[in-house]
Amino acid sequence: MDNIALWMSQPHFGFLEIAKTCGVSQLVIELEHGTFDLATLDQFLAFSKSLGIPALTKVIAPTTEAIQQALDFGSDGVILPHILGVDHAREVTKAAKYPLLGIRSYAGGRVFGYARPSSDAFEKENKRTKCYAMIETAESLADVEKIAALETVDGLFPGPSDLALACGRGAYAFNDEDRRDLSRIAKAARDAGKKWIMPAWTPAERTFALEEGAEMLVVATQNMTLRAGIMSTINALKQEKIVA
């Protein structure tokens, strides 16, 4: 299950422990639409590392401070929302990489084992941590091939719902137009030798993503799994005639 991830928007430590026991081995932490504050994110990333679960963090905004904080706390990579055209992508993704590749500022701590880093530590960290540009605006889709080619971009992460809205289609429905855009994103990543991650909530989306060579499938949100568990219990009670 190394290519399967859950999407967490609330800092529930027990939920992550349960996910680990169920075999989940990857995590996406949602800051933009979630309830994590900085102190909790710091603790949660330490906890995920102790469980051996790599974590990508979708930052609250594509700003230098937000990107650096997630990486300094120990995130294995960042997902950057609200990317516009290639010029914007080039500017904001620099914060995910140390010089000379980017402009990430040095902070000691968890990333370097609370010790003085070696001279090659920054190059190693640039390679280890990943920067995924979200393709969820009309501007980013128009420039997706150029964005994928940037040295500071390690991969692409489509935001299907916002992309459908931005393109004037209303709600995302995984229809022909949605799939066309997703295929373009996947091809841009492949052609640039980069990876891409698909939020794939349904069997049809998962089949599509695997056929298009997605590196990872984000298969459920935290709320989706909680609702599914509760509904499973309610349906079992209905079968037992305990509830109507």
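Residues numbered from 1 in each chain as written. Predicted model: local features only at pLDDT ≥ 70, side-chain atom pairs only at ≥ 80, totals over all residues. Heavy atoms only, no water.

Student: Talk me through the overall build of the chain; I want residue IDs and the actual numbers.
Tutor: Of regular secondary structure, the chain possesses 11 helices and 8 strands. Here the C-alpha atoms of the chain give a radius of gyration of 19 Å, agreeing with the 18 Å that 2.2 N^0.38 yields for 244 residues. For the chain, the spread of C-alpha atoms along the principal axes amounts to about 65 × 45 × 25 Å. When burial is assessed residue by residue, the chain has 48% of its 244 residues classed as buried. As displayed, the chain has an accessible area near 11700 Å², and 56% of this comes from carbon and sulfur atoms. Charge-centre separation for the chain: the mean point of 26 positive side chains lies 3 Å from the mean point of 31 negative side chains. (Helix = DSSP H or I, 4+ residues; strand = E, 2+ residues; numbered from the N terminus. Rg over C-alpha atoms; globule rule 2.2 N^0.38 Å. Buried < 20%, exposed > 50% of the residue type's maximum accessible area, 1.4 Å probe, protein only. Areas by Shrake-Rupley, 256 points an atom, 1.4 Å probe, with all protein chains shown as cover. Lys, Arg positive; Asp, Glu negative; His and termini not counted. Charge placed at Lys NZ, Arg CZ, Asp CG, Glu CD.)

Student: So what's going on with the pattern of salt bridges? Residues and values would help.
Tutor: As enumerated under the stated definition, the model contains 20 salt bridges in all. In this structure, the salt-bridge partner of Lys97 is Asp154, at a minimum N-O distance of 2.8 Å. Of this pair, Lys97 sits in the loop between helix 4 (86-93) and helix 5 (121-128) while Asp154 is found in the loop between helix 7 (144-148) and strand 6 (155-158), placing the two residues 57 residues apart along the sequence. The burial state of Lys97 is the same as that of Asp154; both residues are buried. A salt bridge links Asp176 to Arg179, with the shortest nitrogen-to-oxygen separation between them at 2.4 Å. (Salt bridge = Lys/Arg side-chain N within 4 Å of Asp/Glu carboxyl O.)

Student: Tell me what's going on with the UniProt feature "domain: HpcH/HpaI aldolase/citrate lyase" (unreviewed entry) in the chain, and back it up with residues and numbers.
Tutor: Feature annotation in UniProt places "domain: HpcH/HpaI aldolase/citrate lyase" (unreviewed entry) on residues 5-202, given in this structure's numbering. Between the C-alpha atoms that bound residues 5-202 there is a distance of 14 Å. The span itself is 40% helix and 16% strand. (UniProt positions renumbered as here; feature names shortened; annotations may be inferred.)

Student: Can you tell me about the layout of surface pockets, naming the residues and giving the values?
Tutor: The volume enclosed by the largest pocket comes to roughly 320 Å³. What lines the largest pocket is a set of 18 residues, and nearest its centre among them are Trp7, Glu30, Lys58, Ser161 and Trp201. Of all the secondary structure elements, the ones that give two or more residues to the lining of the largest pocket are strand 6 and helix 8 (160-166). Tallying contributions element by element places helix 8 first for the lining of the largest pocket, with 3 residues. In the lining of the largest pocket, the residues fall into 8 nonpolar, 5 polar and 5 charged. As for the second largest pocket, its lining consists of 10 residues, of which Phe15, Ile18, Ala19, Cys22 and Thr225 are closest to the centre. Mapped by element, the contributors of at least two residues to the lining of the second largest pocket are helix 1 (13-21) and helix 11 (222-239). (1 Å grid on protein atoms, 1.4 Å probe; cavity = no way out; pocket = protein on both sides within 12 Å on 5 of 7 lines; lining within 4 Å. Points joined across faces, edges and corners; volume = space filled by probe spheres on them. Nonpolar A, V, L, I, M, F, W, Y, C, P; charged D, E, K, R; others polar.)

Student: Tell me about unusual backbone geometry, and name the residues and values.
Tutor: Residue Leu100 follows Pro99 across a cis peptide bond; omega there is 10°. Mapped onto the elements, Leu100 comes out in the loop between helix 4 and helix 5. In the Ramachandran plot, Tyr114 falls in the positive-phi region, its phi being about 55° despite a non-glycine side chain. By the secondary structure assignment, Tyr114 is in the loop between helix 4 and helix 5. Located in the positive-phi region is Lys241, a residue other than glycine, with phi close to 65°. Residue placement: Lys241 occurs in the segment after helix 11. Here Lys241 falls in the exposed class, since its relative accessible area comes to 74%.

Student: Residues and numbers for the environment of Ile230, please.
Tutor: With respect to the element layout, Ile230 can be found in helix 11. By relative accessible area, which is 54% here, Ile230 ends up exposed. Note: C-alpha distance between Ile230 and Leu150 (80 residues apart in sequence) is 44 Å.

Student: Lay out the nonpolar core with the relevant residues and their values.
Tutor: One finds Ile29, Val78, Ile147, Leu156, Trp196 and Met198 to be the most contacted residues of the largest nonpolar core, which totals 57 residues. The biggest single contributor to this core is helix 9 (residues 176-191), with 5 residues. Core analysis: the second largest hydrophobic core is formed by 11 residues, Ala5, Trp7, Phe157 and Met216 among them. (Core = buried A, V, L, I, M, F, W, Y, C linked by side-chain atoms within 4.5 Å.)

Student: Which residues make up the pairing of strand 5 (residues 130-135), and what are the values?
Tutor: The buried fraction of strand 5 amounts to 5 of the 6 residues, a majority that puts the element mostly inside the structure. Bridging between strand 4 (residues 77-80) and strand 5 involves 4 bridges; their strand directions are parallel. By the bridge assignment for strand 5, Val78 is matched with Cys131. As judged from the 4 bridges shared by strand 5 and strand 6, these two strands associate in the parallel manner. Its bridge partner lying in strand 6, Ala133 is registered against Leu156. (Pairing = 2+ DSSP bridges.)

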